[in-house]
Amino acid sequence: MAATGHRVHWYQDWVGHENLTDEFWTQQSHTASVPEVTAPVYMITGWYDIFLPWQLRNHAQLAAAGRPPRLTLGPWGHISRGLGAPSVGETVSFLREHFADAESDRVAPIRAYLTGTERWFDLASWPPPGTRTERLNLHDTGGLSPDPTAGGSTVHVYDPADPTPALGGPGLQANPGPVDSTAHERRGDVVVFRGDPLSEPVTVAGEPLAHIRFRSSQPSADVS
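Anyway, here's the lowdown on the structure attached to this text.

Conventions we followed
Residues numbered from 1 in each chain as written. Predicted model: local features only at pLDDT ≥ 70, side-chain atom pairs only at ≥ 80, totals over all residues. Heavy atoms only, no water. Helix = DSSP H or I, 4+ residues; strand = E, 2+ residues; numbered from the N terminus. Buried < 20%, exposed > 50% of the residue type's maximum accessible area, 1.4 Å probe, protein only. Contact = heavy atoms within 4.5 Å. Areas by Shrake-Rupley, 256 points an atom, 1.4 Å probe, with all protein chains shown as cover. Salt bridge = Lys/Arg side-chain N within 4 Å of Asp/Glu carboxyl O. Pairing = 2+ DSSP bridges. Axes fitted to C-alpha atoms, helices over the stretch in contact; angles between N-to-C directions. Phe/Tyr/Trp six-rings, centres within 6.5 Å; stacked < 30°, edge-to-face > 60°. Expected span 1.5 Å × (residues − 1). Arc of directions from axis to C-beta.

Helices and strands together make up the secondary structure of the protein chain, namely 5 helices and 6 strands. In sequence order, the protein chain lays out its α and β elements as α-α-β-α-β-α-β-β-β-β-α. Out of the 224 residues in the protein chain, the part that is buried amounts to 21%. Relative to all contacts within the protein chain whose residues are 6 or more apart in sequence, the contacts with residues 24 or more apart total 58%. For the protein chain, the exposed surface amounts to about 16900 Å²; the carbon and sulfur share of it is 54%.

Listed below in structure tokens is the structure:
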């Protein structure tokens, strides 16, 4: 109301249904029916698209059902300027292939951009064959390593009058992506866990998952 001068009904609906298992949300979700899709599917997204995790999960659902979609993963956000041309071009090619019997110009179902190398790779599946899971543990000393923790806790103070800004990463702006967060990491409301320097190049592919236990002195809190 402070921003618009009036009640925004759809926003009130959101905050009025805080639990994601609420029927308000489950009735709007098509997640359970994704494996039932039988038509050919083409997906295009980017590493900085805020909807990337859910698109990759839908891809995994279809692949598990025996109907893996065609997938393009590029160096874009949801509305990046560089996304327009490949999105239209590859969509048209996909439709011509399925409706006009045109020859496919793809050598593999997955085409992924590897950040840091400025190279595209053609892959048979996602995550890439040979990918293995790596488990890292947060230590109360600020460390990050495969070694199990001995317990402990990390404390930080959050001031609602000085909210923690969001820097870089996925977003709906035209130019999302990585930024220098050195100054950001010095804030008292930001906790950093850092591992040892890498001894050799590492390629990360797949969906990172974080299991975090926290408690707050306030009745409502969030972790991001």
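Let's pick the thread back up.
Applying the stated criterion across every chain yields a total of 8 salt bridges. Asp 122 is paired through a salt bridge with Arg 111; the nearest N and O atoms lie 4.0 Å apart. One end of the pair, Asp 122, is in strand β4 (residues 119-123); the other, Arg 111, is in strand β3 (residues 110-114), with 11 residues separating them in the sequence. With relative accessibility at 42%, the residue Asp 122 sits in the partly exposed group. Here Asp 189 and Arg 187 are joined by a salt bridge, their closest N and O atoms 2.8 Å apart. Taking the relative accessible area as the measure of exposure, Asp 189 reaches 11% and is therefore buried. Where salt bridges share partners, they join Asp 162, Arg 187 and Asp 189 into one cluster.

Attention shifts here to the sheet that holds strand β2 (residues 70-77). A sheet is described by the order of its strands in space; here 4 strands give the open sequence β1-β2-β3-β4, paired in mixed fashion. Strands with a single pairing partner mark the edges of an open sheet, and in this sheet they are β1 (42-48) and β4. Averaged over all pairs of adjacent strands, the angle between strand axes in this sheet comes to 25°, irrespective of strand direction. Here β1 runs beside β2; their pairing, made up of 6 bridges, is parallel. In the strand pairing of β2, Gly 46 is matched with Gly 74. Its contacts with the sheet place helix α3 (residues 52-64) against β1, β2 and β3, and it is angled at close to 140° to β1.

This part takes up the packing of aromatic side chains. Under the criterion given, the structure shown has 8 aromatic pairs. Centroid distance Tyr 11 to Trp 14: 6.3 Å. Interplanar angle 50°. Geometry classified as tilted. With Tyr 11 and Trp 14 both in helix α1 (residues 9-15) and 3 residues apart, this pair spans about one turn of that helix. Relative accessible area serves as the criterion here: at 43%, Trp 14 is assigned to the partly exposed category. Members of the aromatic cluster, each reached through a chain of ring pairs, are Trp 10, Tyr 11 and Trp 14.

Our next topic: α3. With 13 residues, α3 should reach 18 Å at 1.5 Å per residue; the first-to-last C-alpha distance of 18 Å fits that figure. Of the residues making up α3, those classed as buried are Leu 52, Gln 55, Leu 56, His 59 and Leu 62. Axial view of α3: buried residues confined to an arc of 120°, hence all on one face. Phi for Gly 66, located one or two positions after α3, is positive at around 90°.

This paragraph deals with the environment of Arg 111. Overall, the relative accessible area of 27% leaves Arg 111 in the partly exposed class. For the pair Arg 111 and Leu 73, spaced 38 residues apart in sequence, the C-alpha to C-alpha distance is 6.3 Å. Apart from the residues within four sequence positions on either side, Arg 111 is in contact with Leu 71, Thr 72, Leu 73, Glu 90, Arg 106, Trp 120, Phe 121 and Asp 122.

Turning our attention to the pairing of β4. In terms of strand pairing, β3 meets β4 through 5 bridges, oriented antiparallel. From the neighbouring strand, Ile 110 faces β4, where its bridge partner is Leu 123. Connecting the antiparallel pair β3 and β4 is a turn made up of 4 residues, with Gly 116 showing a positive phi of about 90°.

Interpretation in functional terms is not warranted from these geometric data alone.
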